Amino acid sequence: GRFSFYGPPTDVKVKKSTMVDGNRFLEVSFSNLSQSTNAEIPRTALVVATIPKGTDNAVMLVASANASRWKKGANVASKTIVDSFSAIPSPKTSMKLRAKDRTNGASIDF
């Protein structure tokens, strides 16, 4: 992902964790390495995650900003975004899936 492109996030701290109507909400602070300045940039993020009924897969949404933008109002926009999150399974279908050849003619030998 974007935050680990130049190295893993550092100073990761979960500030708040709540569960509301089957959704897990996290407020997280962390730092990531800037490509241009090689400096650690502090960021804050809101994360919402859920496992829709009938599936074993987790679905999540992350809204984040650097610390200065967070204090200037990005926290309000991020809260609005994660509060709008909803994940439901897609409808069941009787359609059959066909395997798609993605080898470009290359031979795969096991």
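Tracing the chain through its elements places A63 in strand 4 (residues 59–66). With a relative accessible area of 7%, A63 lands in the buried category. Each residue touching A63, except ones within four places of it in the same chain, is listed here: T44, A45, L46, W70, S78, I81 and V82.

All right, on to the layout of surface pockets then. Here the largest pocket defines a volume of roughly 200 Å³. Where the lining of the largest pocket is concerned, the elements lending two or more residues are strand 1 (10–20), strand 2 (23–33), strand 3 (40–50) and helix 1 (67–83). Looking at the lining of the largest pocket, the element that brings in the most residues is strand 1, giving four residues. Along the lines of polarity and charge, the residues of the lining of the largest pocket split into seven nonpolar, two polar and three charged. One number sums up the size of the second largest pocket: a volume of about 170 Å³. In terms of lining residues, the second largest pocket is bounded by D21, G22, N23, T50, I51, P52, K53, S86, A87, I88 and P89.

With respect to the helices, strands and loops of the structure, R43 is situated in strand 3. Of the side chains with opposite charge, E40 lies nearest to the buried R43, which makes no salt bridge, at 11 Å.

The rules behind the values
Residues numbered from 1 in each chain as written. Predicted model: local features only at pLDDT ≥ 70, side-chain atom pairs only at ≥ 80, totals over all residues. Heavy atoms only, no water. Helix = DSSP H or I, 4+ residues; strand = E, 2+ residues; numbered from the N terminus. Buried < 20%, exposed > 50% of the residue type's maximum accessible area, 1.4 Å probe, protein only. Contact = heavy atoms within 4.5 Å. 1 Å grid on protein atoms, 1.4 Å probe; cavity = no way out; pocket = protein on both sides within 12 Å on 5 of 7 lines; lining within 4 Å. Points joined across faces, edges and corners; volume = space filled by probe spheres on them. Nonpolar A, V, L, I, M, F, W, Y, C, P; charged D, E, K, R; others polar. Lys, Arg positive; Asp, Glu negative; His and termini not counted. Salt bridge = Lys/Arg side-chain N within 4 Å of Asp/Glu carboxyl O.

These figures come from the coordinates and say nothing about function on their own.
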